[in-house]
Amino acid sequence: MPAAGQRFTATVCSVLLVFVFLYYVDVAYVILPWYSFTVPGMLHFMLLSASTGLALRCYFLCMFTDPGRVPPGWLPDAEQQAAVQEVKKSDGGARYCKKCNQYKPPRSHHCRVCERCVLRMDHHCPWVNNCIGHANYRSFFLLLVYCSAALIHSTLLLLGHALHLVSSSANSRVVRVGPHATPHTFEEEPDSHVLWHIGLQTFAFAVALPTTIAVVMLLVWHIRMVAANKTTIEHAEGITAQIKAGGLGADKQRHPYNLGCVHNALQVLGDEPVLWWLPRSSATPGGLAYPTFLDSRALGF
């Protein structure tokens, strides 16, 4: 992993800037002047602050948590008794990384950016300047969940306030704009102060809407991946596996780590569903071996 100072690339700084900008505009230019300190206003403020804060925590966990390293000297001997073994596509031999000069555990891949093998590698994410792998995938999934919640809330607030301003203009009502809730009626000629506030909110909406669409689409994609217990790399490239069991028929073409939707979610997100939504600072343990659908049959689920 790069040093902490090297983590804050231009891309990372731009992401953090969007976090701060949208939160500030929503609170200072929408919630306070529109709702003031009413109960709805405080609810909006607390919900937006909670989702933004949780998203930021998950973001930094993704940045600074090592995605998972292959232990030095790891050998595939420990998995020789497994019913399903991942093998090389070329000759069916054990998977070996020539760049790292070591064997690769199941589901691990070499990252050209990080210049090492990563356990259960999903992808290298430039937005967090880190690989997403076994140890930080849960934080990445929660990042998408809380980012989607915060962005949807932000976009709806900006849209709702814009419609409120249009309605007030049509009915010649007094509106309050800006952090100081300056009263203004659209019967008056809008001054530079009002135009600045309206322009800032318009720009914030132009940033929030496409970002919301992109993040929600990415969340839907990773919900599909969790439901199938696949990584993005496995979806794109597939898995070459040797199945040491007879009489399986068409099951030989099945994704070997698909245990069924519920057990897939339990394996990826943790054994306690009530704790799924809490960001954890500790890395996900394990990452060198994974149960397969043949193991699930033996265990009766």
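No experiment lies behind these values; they were computed from the predicted model shown.

Reading guide: rules and limits
Residues numbered from 1 in each chain as written. Predicted model: local features only at pLDDT ≥ 70, side-chain atom pairs only at ≥ 80, totals over all residues. Heavy atoms only, no water. Salt bridge = Lys/Arg side-chain N within 4 Å of Asp/Glu carboxyl O. Buried < 20%, exposed > 50% of the residue type's maximum accessible area, 1.4 Å probe, protein only. Helix = DSSP H or I, 4+ residues; strand = E, 2+ residues; numbered from the N terminus. Polar contact = N/O pair within 3.5 Å; in protein donor to acceptor, adjacent residues only side chain to side chain. Contact = heavy atoms within 4.5 Å. Lys, Arg positive; Asp, Glu negative; His and termini not counted. 1 Å grid on protein atoms, 1.4 Å probe; cavity = no way out; pocket = protein on both sides within 12 Å on 5 of 7 lines; lining within 4 Å. Points joined across faces, edges and corners; volume = space filled by probe spheres on them. Nonpolar A, V, L, I, M, F, W, Y, C, P; charged D, E, K, R; others polar. Disulfide = S-S within 2.5 Å. Phe/Tyr/Trp six-rings, centres within 6.5 Å; stacked < 30°, edge-to-face > 60°.

Enquirer: What exactly am I supposed to notice about the pattern of salt bridges here?
Expert: Between side chains of opposite charge, a pair can form as their charged atoms come close. For the coordinates displayed, the defined rule picks out three salt bridges. Between Asp66 and Arg69 there is a salt bridge, with the nearest N and O atoms lying 2.8 Å from each other. Arg69 sits in the partly exposed class, given a relative accessible area of 45%. Across the pair Glu234 and Arg107 runs a salt bridge, and its minimum N-O distance is 2.8 Å.

Enquirer: Just to check I follow, could you spell out the side chain of Arg95 for this structure?
Expert: Summarising the element assignment, Arg95 is placed in the loop between β1 (84–86) and β2 (96–97). A distance of 2.8 Å separates the side chain of Arg95 from the backbone oxygen of Pro105, its partner in a polar contact. Look past the residues within four positions of Arg95 in its chain and what remains in contact with it is Glu86, Val87, Lys88, Tyr103, Lys104, Pro105, Pro106, Arg107, Ser108 and His109.

Enquirer: Can you walk me through the side chain of Asp122 in this structure?
Expert: When you line up the elements, Asp122 lands in the loop between β5 (116–118) and β6 (123–125). One buried charged residue, Asp122, remains without a salt bridge, the closest side chain of opposite sign being Arg120 at 5.1 Å. Engagement of the side chain of Asp122 in a polar contact is seen with the side chain of Thr232, the distance being 2.8 Å. The residues touching Asp122, leaving out its near neighbours within four places in the chain, are Ile132, Gly133, Tyr137, His222, Thr231, Thr232 and Ile233.

Enquirer: Would you take a moment to explain the layout of surface pockets for this structure?
Expert: The gaps of empty space that remain are located by a probe, the size of a water molecule, rolled over the atoms. Quantified by volume, the largest pocket comes out at close to 660 Å³. Contributing to the lining of the largest pocket are 27 residues, with Val15, Cys147, Leu151, Thr211 and Val215 lying nearest its centre. Elements that contribute at least two residues to the lining of the largest pocket include exactly α2 (10–35), α3 (39–64), β6, α4 (137–170) and α5 (192–228). Of the residues belonging to the lining of the largest pocket, the class tally is 21 nonpolar, five polar and one charged. Lining the second largest pocket are 17 residues; nearest its centre among them are Leu266, Gln267, Leu269, Gly270 and Asp271. Top contributing element to the lining of the second largest pocket by residue count: helix α7 (residues 261–269), with five residues. A breakdown of the residues in the lining of the second largest pocket according to their chemical character gives nine nonpolar, four polar and four charged.

Enquirer: Please explain the state of the cysteines as it appears in this structure.
Expert: In this structure the tally under the stated criterion is zero disulfides. Left without a disulfide partner, Cys58 is nearest to the cysteine sulfur of Cys62, which lies 6.7 Å away. Counting only cysteine sulfurs, Cys97 is the nearest neighbor of Cys100, a cysteine outside any disulfide, at a range of 3.7 Å. Residue Cys100 is classed as partly exposed on the basis of its relative accessible area, which comes to 22%.

Enquirer: How do you make sense of the environment of Phe45 when you look at a structure like this?
Expert: Mapped onto the elements, Phe45 comes out in helix α3. The exposure class of Phe45 is partly exposed, given its relative accessible area of 32%. Sequence spacing of Phe45 and Leu32 is 13 residues, and the spatial spacing of their C-alpha atoms is 8.8 Å. Apart from residues no more than four positions distant in its own chain, Phe45 is found in contact with Tyr23, Val27 and Ile31.

Enquirer: Where do I start with the packing of aromatic side chains in this structure?
Expert: For any pair of aromatic rings, the description rests on two quantities: the centre-to-centre distance and the angle between the ring planes. Going through the model one piece at a time under the given rule, you end up with eleven aromatic pairs. When the centroid spacing of 6.1 Å and the interplanar angle of 55° are considered together, the rings of Phe8 and Phe64 count as tilted. Of this pair, Phe8 sits in the loop between α1 (4–7) and α2 while Phe64 sits in helix α3, placing them 56 residues apart in sequence. Accessibility expressed as a relative area gives 37% for Phe8, which makes it partly exposed. Under the relative-accessibility criterion, Phe64 is labelled partly exposed at 37%. An aromatic cluster of three or more residues is present, and its members are Phe8, Phe19, Tyr59, Phe60 and Phe64.

Just distances and angles here, no functional claims.
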